[in-house]
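Spelled out from the first residue to the last, the chains are:
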Amino acid sequence: MTKGNIEIYTTDKGTEIEVRLEQDTIWLSLNQMSELFERDKSVISRHLRNVFKEGELNKNSVVAKSATTASDGKTYKVDYYNLDAIISVGYRVNSYRGTQFRQWATQRLRDYLVQGYAINEKRLAQKQQEVRQLKTGIQILAEPLKKKQLFFCIAKSLCS
């Protein structure tokens, strides 16, 4: 369900996680990833450190700091991780929820690849049909020109 720039992700247990939608990606805090994958924050942090240490992702490209107001009313700077980081952690974390996430992500990727191919195949067929129609139109328009040219040649030979 979308609410402006917030998307509500609901787990099969009914847990709701607010997902920020900005800059063509989604963003989750460490706490939200911990909740999503049902693992302690230290586990998620370790996976993130390894993702950056191994060079899988560049930290500066996938982390954004944002001011967040806590329940105590104070404002804190919180690191938010984009979809690339969430996916990287999701493929590393060992939990039931991690497995569900991997299955979900893999299915979305498969759907995208298959539907993307099918859509491109359909567009190609449409373009080929348009080319055939254009050729037919050109042939129809060329017929009177051929007749005029033939008439001109006949008339010219009679006049000579």
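Residues numbered from 1 in each chain as written. Predicted model: local features only at pLDDT ≥ 70, side-chain atom pairs only at ≥ 80, totals over all residues. Heavy atoms only, no water.

Caption draft 1: Here's a closer look at the packing of helix H1 (residues 30-37) against helix H2 (residues 41-53). The interhelical angle for the contact between H1 and H2, taken along N-to-C directions, is 105 degrees, at an axis separation of 9 Å. As summarised for this structure, H1 and H2 are arranged roughly perpendicular, according to the angle between their axes. Residue-level inspection shows Leu30, Asn31, Met33, Ser34 and Phe37 of H1 in contact with H2, the latter providing Lys41, Ile44, Ser45 and Leu48. Taken together, the residues of the contact of H1 with H2 sort by class into 5 nonpolar, 3 polar and 1 charged. (Axes fitted to C-alpha atoms, helices over the stretch in contact; angles between N-to-C directions. Helix = DSSP H or I, 4+ residues; strand = E, 2+ residues; numbered from the N terminus. Parallel < 35°, antiparallel > 145°, perpendicular 65-115°, else oblique. Contact = heavy atoms within 4.5 Å. Nonpolar A, V, L, I, M, F, W, Y, C, P; charged D, E, K, R; others polar.)

Caption draft 2: Local environment of unusual backbone geometry. For Glu38, which is not glycine, the phi torsion reads 55 degrees and is therefore positive. With respect to the helices, strands and loops of the structure, Glu38 is situated in the loop between H1 and H2. Glu38 gets classed as partly exposed once you look at its relative accessible area, which sits at 31%. (Buried < 20%, exposed > 50% of the residue type's maximum accessible area, 1.4 Å probe, protein only.)

Caption draft 3: How the structure looks around helix H4 (residues 83-90). Taken together, the buried positions of H4 are occupied by Ala85, Ile86, Ser88, Val89 and Gly90. Its side-chain oxygen 3.0 Å from the backbone nitrogen of Asp84, Asn82 forms the N-cap of H4. (Polar contact = N/O pair within 3.5 Å; in protein donor to acceptor, adjacent residues only side chain to side chain.)

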